[in-house]
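Structure assessment
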Amino acid sequence: MEGKDLEFAVNGERFKVNSVDPCTTLLDFLRLNTPFKSVKLACGEGGCGACLVILSKYDPDSDQVKEHSINSCLTLLCSVNGCSITTSEGLGNAKNGFHPIHTRLAGFHASQCGFCTPGMCISLYSALSNAPGPGGGLTVSEAEKSVAGNLCRCTGYRPIVDACKSFAADVDIEDLGLNSFWRKGDSKEAMMKSLPPYNHLLTTFPEFLKKKSVVTNVLDHSRYRWTTPFSVTELGNVLDESANSGGGSLKLVVGNTGAGYYKDDEEMFDRYVDISRVSEMLVIKRDENGVEIGAAVTISNVIDALKEEGSSNFKKMAAHMEKIGNRSIRNSASIGGNLVMAQSRKFPSDITTLLLAADASVCILNNRIIKKVKLLEFLDSPPILNSKQVLLKVVIPAWTADTGLLFETYRAAPRSIGNALPYANAAFSARVSNQTVDECLLAFGSYGGDHSIRAREVERFLTGKLLSHSVLHEAMCLLRGIIVPSKETSHPEYRKALAVGFLFEFLYPLIDNNNGHSNGHVDDPIESLPLPFLSSSQQVLESNEFNPVGEAVIKAVAALQASGEAVFVDDIPILPDCLHGAFIYSTEPLAKIKSISFGENVTPAGVFALLTFKDIPIHGQNIGSKTVFGPGPLFADELTRCAGQRIALVVADTQKHADKAAKLAVVEYDIKNLEEPILTVEDAVKRSSFFDVHPMFYPEPVGDVVKGMKEADRKILLAEFRLGSQYFFYMEPQTALALPDEDNCSKVFSSSQAPEYVHSVIATCLGIPEHNVRVITRRVGGGFGGKALKSMPVATACALAAHKLNRPVKMYLNRKTDMIMAGGRHPMKVTYNVGFRSDGKLTALELTMLIDAGTEPDVSPILPRNIMGPLRKYDWGALSFDVKVCKTNLPSRTAMRAPGEVQGSYIAESIIENVASSLRMEADEVRKINLHSYGSLRKFYKHISGEEDEYTLPLLWGKLEISSELKKRGEMVKEFNRCNVWRKRGISRVPIVHQVMQRPTPGRVSILSDGSVVVEVGGIEIGQGLWTKVRQMVAYGLGLMKCNGSDELIERIRVVQADTLGLIQGGFTAGSTTSESSCEAVRLCCVILAERLKPTVDQMMMEKSGSVTWNLLIQQAYAQSVNLSASALYTPEFSSMEYLNYGVGVSEVEVDVMTGKTEILRSDIIYDCGKSLNPAVDLGQVEGAFVQGIGFFMMEEYTTDEKGLVVQQGTWDYKIPTVDTIPKQFHVEILNTGHHKNRVLSSKASGEPPLLLAASVHCATRSAIREARKQSLPWNCSDGNGDVSGGDFELPVPATMPVVKGLCGLYSVEKYLEEKICGK
Ligand SMILES: Cc1cc2nc3c(=O)[nH]c(=O)nc-3n(C[C@H](O)[C@H](O)[C@H](O)COP(=O)(O)OP(=O)(O)OC[C@H]3O[C@@H](n4cnc5c(N)ncnc54)[C@H](O)[C@@H]3O)c2cc1C
Ligand code: FES
Ligand code: FES
């Protein structure tokens, strides 16, 4: 049968395709076959939102266009036949004018690296488009939720939410944060007027598509088979035809979102049948018997339909479904697809649990016969997936007389609406009269069983029973025996406890409630309800002393980032002969590599070469990275030294082929005659396996610890805790593109924070002089330290392959490989003795630390210095330490934002918490007592302490106490805890002292003949706003010449990409100070230029009676051959290159004792930025760092298995904060502390230090848990399961939900009931 062309439109442009692999995703097509690069690939599994586009469908019957967002990384190209696609640059762009969404995001300073920004714009656009009111009647709440499924690793979300809210019909404009549209004091009306006007119009649906009729068969059928039946009869024919023609494999497709979860499925099917247009499967039918929902109906449409139903129970189901995935997933995901995944592949579904509780049935088409079965029977039957059986519809019976029927649903997930699968879910219905259960239906799911279940034994037990504490207790004991997670399930006991807690929440309120009413939740007084919206405030002081430095200038290229036109490495157009690479990594921690081959010795499709260390050129070296501490290998040689180590590079014609081939590679290992690998720091100690630490990086002890211990009247001895790792989760994975050039040269585009080092490593690896290599970096899609050392092997491998194969070679690491190789933050074990007096004064601290550095030195030897910096923030009396940097057979750890500093600062807090706990004092009091005086600061920090008036910490400490109303809220927290059993609050204030160091940095400023200015700097724009500050500084520096027109100079300044042959000695962009150093470098250039121009200026001033325009001056200077390009290398003064930063944070949290969920109710931060170079940029740094710190302290688990291989491999199991996990109220003040004579125009750093303040959230959580444990002490009236011992405890980092629940008590509800029973 002849297949027709696929036809669709992208941004109004027509595309026709006849021959395409049906597995091709829309994202693949857009990025490889169109100029539209705003769709970014950051996860490929539906988990981040970077790839979103608008899909518009035309309905000829109603002549209406419907549009919504979808994930292009999951949507198959063939399924968009006849549709129109709009990307962010399709909404607006630099040439045709930006869309108001773009300009508002830019104006609210809502982008940093910009990699997530186009996806954010699409989410917001889709929300506006689907808002009920005409012209976008979006509410504030909907605006907030619109980006709940999008990940951003840079901004901390607050400014993004503000930009979204600016479109809401019910917004109070004064609630919106810092922006470039209005000034403080403007009237509300003026504020509204200043926003870029917006009037929602749907995207234009091209006429040529309106006329097109979609046909059943598309594509060249002799090669690829994609069929789109439009009715069940046609579908039956297709299935019959497939069976008659000898079967062959067949895949039914609806939204294809299942591919996001089962992403390792690489199976190619003989035939694809798109059932998303089968009319009967798209119907939602209601009658007195209930609701029938076609299996191809999307979850979004199911939600809308359920909301329209009269029954509140349907509404509750809809509310639960709104927590599934994210909006764009729900827009494509079908209800049937979800059920089939749950039935056939044990997918932890929410929907099956809801439908079980609703006693639903399903209809299955099998061999033209339609069978209706109960959902439970369906779930228990053999898998139907790919068996040519089709799930046609779901039937939910009518809720007979809602009155008296209780229905509730429950779900505990790491992020409540931010795209996270639940640890467990439940849905219950029950009819209860006079406290007696007449009937009930209890469904549980997602806990790690085969599929959702009904707890029939418990149902039977409860039916007919008069509810009492002991009945409930018995039901729970029964339930624990029924909820049995499979062996491989994480946190099995936690999941059981959740299930028990859900049932308790459902039934307990009925026990003392004779009316039989329940809202399904215990402990839900008004004041504990979550605040409706996020709210925030920012206080920043703009200064015009060095105009335009000090102004909250809008970020350079922010609108371009929003439209997606800002070019990242993967957006650079490639030549047709470009090859692509993928790493093969080791799965053994220590083994000889015997061979590397492909399965069955068949070279996979598209593979060109397999490179190993043997392919390094004869004069080159096997080097993939380097620091002053030594090099790291590009590939393992005969021996692999950790799981995750690179052992080879597959080079293929496409990235897909390269990735697939790398997966198919078979590596034979031999571990004979090898020592056991070192997989723990304890092993390293036993085997004395350490990296050397130069005395320069090993600070001196302070005072006499023996004496300090003697002065102590209390001690904590040999206390111990561990800190885990953290993954960068930059949105843009590691990437590079290498082009071979004439005369044995190599040009490499690298997404790197250290192009100079990338350059040098490539030259050494290839054995060529450094002038043969050129590394170019324009911008980096998030780095956080992960694109320093770890970017080097990626670029080097590309360069090696390009050199060897004489073809361009590109590499774009998939998220899994990236996560396996990244190494991340250093985990460590801490042991300490601390001495203190009964009044809380510390007298001595002795620390022992074992840092897991992994297999290569990387930058790990600096860790002792970094840890000890912030740890000295308190006056310990005396301080001594023994820090070992352990060499293990684990992936080498590297610098992640505030490397060592965040741990050092936290270690201090953890010790303070324990001291306070043992003294029964408030931790805040102990902190206050031990804050440094200027005298003790000098003792601990010596010359770095600066002048006395620069020690602003006591000032910040006091100011924040007042502005955050700490005392009053502390009392309110106590009162709250007194009144509530199942929710506990904690509040905590934490100070930071963070040492940074400036490094030499180059810059060059060149003035072109038309007066425009081009600037090069050593620092890389990684989202931290470096380019913006540099532009401001150049405008300031050149503006000092006071020419007419120099006020607008900033608009004429362009900072360009780093090019390692254009400007040498760029060094690392790291350590928070690269922006200020780059600024100082360009200021020096401006001074040189001003000096060179002075004679011309003076002469012209005389001739033109004191007034010279900038353009004329430059014309004249060109005529006089004045050298208008100046470069400088800023080398900071040794005596003042290091300095201290100060800040204080207060956080208040609420812990749900039942689930372990921690909600951050409010965070207040005050941070000393000196005189901020750009308060908007610094505010973004403070907020973004703080939220990344929340991830470290509360959410992100980055662990290794027994072989040292990283366990978390994508967005499904690595959870960074989303909009729903940031503080509900977020108040940030950037303090302008005036003159700092040794700093760049009095400014101070902001990139890393604020991350440390997130420890306040962790400490507040500890405080809330302490309250929960305290209250549960009297509950231990029987001896079983006494899992909470009250007093001292250590709260691990990260304090995830299972961790918090474990400390609050996995058996807390049983204990509570036992106490009630005993009490009676
Ligand atoms: C990022 C993300 C987050 C998610 N979060 C959640 C969550 O929190 N809770 C939850 O419950 N679910 C969640 N899901 C799962 C989601 O609901 C399912 O992926 C989706 O419903 C599947 O529908 P689909 O139309 O995309 O199916 P497809 O991916 O097209 O199909 C899935 C499988 O089912 C088969 N199939 C589909 N329809 C039928 C049918 N009618 N008859 C027979 N076989 C069929 C297909 O052949 C395929 O093998 C999430 C998914 C993603 C990607
Ligand atoms: S790339 Fe598609 S959701 Fe992440
Ligand atoms: S700006 Fe959002 S990920 Fe960088």
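Residue positions are given per chain, counting from 1 as you read along its sequence in written order. Chains carry letters from A onward and ligands carry numbers from 1 onward, assigned in written order. In keeping with the predicted nature of the model, local features appear solely for residues at pLDDT of at least 70, side-chain atom pairs appear and are counted solely at 80 or more, and the whole-chain, interface and lining totals rest on all residues. Just so you know, side-chain values use all the structure's heavy atoms and leave hydrogens and water out.

1. Considerations on the sheet that holds strand 7 (residues 226-227)
Rule in force here: Note on pairing: two strands pair once DSSP finds at least 2 bridges between them. In this description a helix means any DSSP run of H or I spanning at least four residues, a strand means any run of E spanning at least two, and both kinds are numbered starting from the N terminus. The contact criterion used is simple: two residues touch if any of their non-hydrogen atoms lie within 4.5 Å. Note on method: axes are straight lines fitted to C-alpha atoms, helices fitted across the in-contact stretch only, with angles between N-to-C directions ranging 0 to 180 degrees.
The mixed open sheet is built from four strands, whose spatial order is 6-7-9-8. Here the strands that pair on one side only, and so sit at the sheet edges, are strand 6 (217-218) and strand 8 (250-253). Pairing geometry for strand 8 and strand 9 (residues 271-274), over four bridges, is parallel. Considered in strand 9, the bridge of leucine 252 is made with valine 273. Sheet strands touched by helix 9 (residues 232-244): strand 7, strand 8 and strand 9. Its angle to strand 9, the strand with the most contacts, is close to 170°.

2. Focus on the UniProt feature "binding site: [2Fe-2S] cluster 2" (unreviewed entry) in the protein
Note the following rule: UniProt positions are given in the numbering used here, feature names are shortened, and annotations may be inferred rather than shown by experiment. Relative accessibility thresholds used throughout: buried, under 20% of the residue-type maximum; exposed, over 50%; partly exposed, between the two (1.4 Å probe, protein chains only).
UniProt tags Cys113, Cys116, Cys152 and Cys154 as "binding site: [2Fe-2S] cluster 2" (unreviewed entry). These annotated residues cover 42 residues of sequence, and their C-alpha atoms all fall within 9.4 Å of one another, placing them together at a single site. Within the fold, cysteine 116 resides in the loop between helix 3 (100-107) and helix 4 (117-130). In this structure, cysteine 116 is in contact with Leu151, Cys152 and Met731, ignoring residues within four places of it in sequence. Looking at cysteine 152, the relative accessible area reads 5%, which means it is buried. Setting aside residues up to four positions removed in sequence, cysteine 152 forms contacts with Cys116, Met120, Tyr157, Ile160 and Ile1216.

3. A look at the pattern of salt bridges
Where we set the bar: Salt-bridge detection follows one rule: a side-chain nitrogen of Lys or Arg within 4 Å of a carboxyl oxygen of Asp or Glu.
Taken as a whole, this structure holds 73 salt bridges when the rule is applied. Between aspartate 570 and lysine 810 there is a salt bridge, with its nearest N and O atoms 2.8 Å apart. Pair noted here: aspartate 570 is in the loop between helix 20 (558-563) and strand 20 (579-585) and lysine 810 is in strand 32 (residues 809-812), with a separation of 240 residues, a long-range link. A residue is classified by how much of its surface remains accessible, and lysine 810, at 6% relative accessible area, is buried. The partner of arginine 1162 in a salt bridge is aspartate 1164, with the nearest N and O atoms 2.8 Å apart. The buried category is assigned to arginine 1162, whose relative accessible area is 13%. One salt-bridge network, held together by shared partners, links Arg969, Arg983, Arg985, Glu1148, Glu1150, Arg1162 and Asp1164.

4. With respect to empty space enclosed by the protein
Rule in force here: Detection works on a 1 Å grid of protein atoms alone, calling trapped sets that fit a 1.4 Å probe cavities and calling open sets with protein on both sides within 12 Å along at least five of seven lines pockets, with lining residues defined by an atom within 4 Å of a point. Grid points are joined across faces, edges and corners, and a volume is the space filled by probe spheres set on the points. Residues are sorted three ways: Asp, Glu, Lys and Arg are charged, Ala, Val, Leu, Ile, Met, Phe, Trp, Tyr, Cys and Pro are nonpolar, and all the rest, Gly among them, are polar.
Inspection of every chain in the model, using the stated rule, returns 11 cavities of 30 Å³ or more. In this model, the largest cavity occupies a volume close to 210 Å³. Ser625, Arg646, Lys790, Glu856 and Ser892 are, among the 20 residues lining the largest cavity, the residues nearest its centre. Only strand 23 (625-627) and strand 24 (630-632) provide two or more residues apiece to the lining of the largest cavity. Residue composition of the lining of the largest cavity, grouped by class: seven nonpolar, eight polar and five charged.

5. Things to note about the site of ligand 1
For clarity, the cut-off: We define proximity as follows: a residue is near a molecule or strand when any one of its heavy atoms falls within 4 Å of that partner. Whenever two N or O atoms come within 3.5 Å, that pair is a polar contact, provided that in protein one can donate a hydrogen and the other can accept it, and provided that, for residues adjacent in sequence, both atoms are side-chain atoms.
Neighbouring ligand 1 are 38 residues, the closest being Leu252, Thr257, Gly258, Ser334 and Asp350. Take asparagine 338: an N or O atom from its side chain is 2.9 Å from an oxygen atom of ligand 1. Here leucine 391 contributes a backbone N or O atom positioned 2.9 Å from a nitrogen atom of ligand 1. Element by element, the count of residues in the shell around ligand 1 is highest for helix 14 (residues 335-345), at four residues. Among the residues forming the shell around ligand 1, the class breakdown is 21 nonpolar, 13 polar and four charged.

6. Describing the packing of aromatic side chains
To be explicit about the condition: Put simply, two rings from Phe, Tyr or Trp (the six-membered ring, in Trp's case) pair if the centres are within 6.5 Å, and we call them stacked under 30 degrees between planes, edge-to-face over 60, tilted for the rest. Only lysine NZ and arginine CZ atoms are considered, and such an atom sits over a ring when it is within 6 Å of the ring centre and within 35 degrees of the ring normal.
For the coordinates displayed, the defined rule picks out 44 aromatic pairs. Seen from their ring centres, phenylalanine 8 and phenylalanine 29 are 5.4 Å apart, and the 75° between their planes marks the pair as edge-to-face. A residue pair is termed long-range when its members are at least 10 positions apart, and phenylalanine 8 in strand 1 (residues 6-10) and phenylalanine 29 in helix 1 (residues 26-33) qualify at 21 residues. For the residue pair phenylalanine 8 and phenylalanine 29, the accessibility class agrees, reading buried in each case. Centroid distance phenylalanine 546 to tyrosine 1036: 5.7 Å. Interplanar angle 80°. Geometry classified as edge-to-face. Residue phenylalanine 546 is found in the loop between strand 19 (535-539) and helix 20, and its partner tyrosine 1036 is found in helix 33 (residues 1026-1039); the two are separated by 490 residues along the sequence. The rings of Tyr727, Phe728, Phe729, Tyr730, Tyr1198 and Tyr1214 are connected pair by pair, giving a single aromatic cluster. Positioned above the aromatic ring of phenylalanine 461 is the side chain of lysine 465, whose terminal nitrogen or guanidinium carbon lies 4.1 Å from the ring centre.

7. Observations concerning the nonpolar core
In globular proteins that are soluble, nonpolar side chains generally tend to be buried together. Note the threshold: Nonpolar cores are built from buried Ala, Val, Leu, Ile, Met, Phe, Trp, Tyr and Cys residues. Side-chain atoms within 4.5 Å join them into one set.
Counting residues in hydrophobic clusters, the biggest one holds 259 residues, and the most contacted among them are Phe444, Leu462, Phe504, Leu847, Leu871, Trp876 and Ile907. At 12 residues, helix 19 (residues 492-511) tops the list of elements feeding residues into this core. In this structure, Leu235, Leu339, Leu365 and Ile396 belong to the second largest nonpolar core, which totals 62 residues.

8. Description of the sheet that holds strand 16 (residues 424-433)
Read across the open sheet, the four strands follow the order 15-16-17-18; overall the sheet is antiparallel. What marks the edges here is a single partner per strand, and that holds for strand 15 (405-412) and strand 18 (453-454). In the sheet, strand 15 pairs with strand 16 via eight bridges, with the strands oriented antiparallel. What sits directly across from leucine 406, in strand 16, is alanine 430. Packed on one face of the sheet, helix 12 (residues 312-321) meets strand 15 and strand 16 and runs near 5° to strand 15. Contacts from helix 19 reach strand 15, strand 16 and strand 17 (436-445) within the one sheet, and its direction differs from that of strand 16 by about 25°.

9. Digging into the confidence of the model for the protein
Close inspection of predicted coordinates is inappropriate in any region flagged by low pLDDT. Rules: On a range of 0 to 100, pLDDT expresses the predictor's confidence in each residue.
Put simply, the protein has an average pLDDT of 92, and 96% of its residues get 70 or more. Every residue in residues 1278-1282 is under pLDDT 50, and counting partners more than four places away or in other chains gives seven contacts.

10. As for the packing of helix 36 (residues 1175-1195) against helix 38 (residues 1255-1272)
Keep this limit in mind: These descriptions rest on fixed angle ranges, namely under 35 degrees for roughly parallel, over 145 for roughly antiparallel, 65 to 115 for roughly perpendicular, and the rest for oblique.
Look at helix 36 against helix 38: their axes get within 8 Å of each other, and the N-to-C directions meet at 40°. Relative to helix 38, the element helix 36 is oriented oblique. Contacts between helix 36 and helix 38 involve Phe1186, Ile1190, Phe1193 and Met1194 on the former and, on the latter, Ala1255, Ser1256, Val1257, His1258 and Thr1261. Considering only residue class, the contact of helix 36 with helix 38 consists of six nonpolar, three polar and no charged.

11. Re the pairing of strand 1
Walk down a regular strand and you will see the side chains alternate between the two sheet faces. Counting buried residues in strand 1 gives five out of five residues, a clear majority hidden from the surface. Burial along strand 1 is two-sided: the residues Leu6, Phe8 and Val10 and Glu7 and Ala9 are all buried. Pairing geometry for strand 1 and strand 2 (residues 13-17), over five bridges, is antiparallel. Bridge pairing links valine 10 to glutamate 13 in strand 2. Linkage of strand 1 to strand 2, two consecutive antiparallel strands, is achieved through a turn of two residues, within which asparagine 11 is found at a positive phi near 50°. In this structure, strand 1 lies alongside strand 5 (residues 84-86), joined through two bridges in parallel fashion. Across the sheet, the residue bridging to valine 10 is isoleucine 85, located in strand 5.

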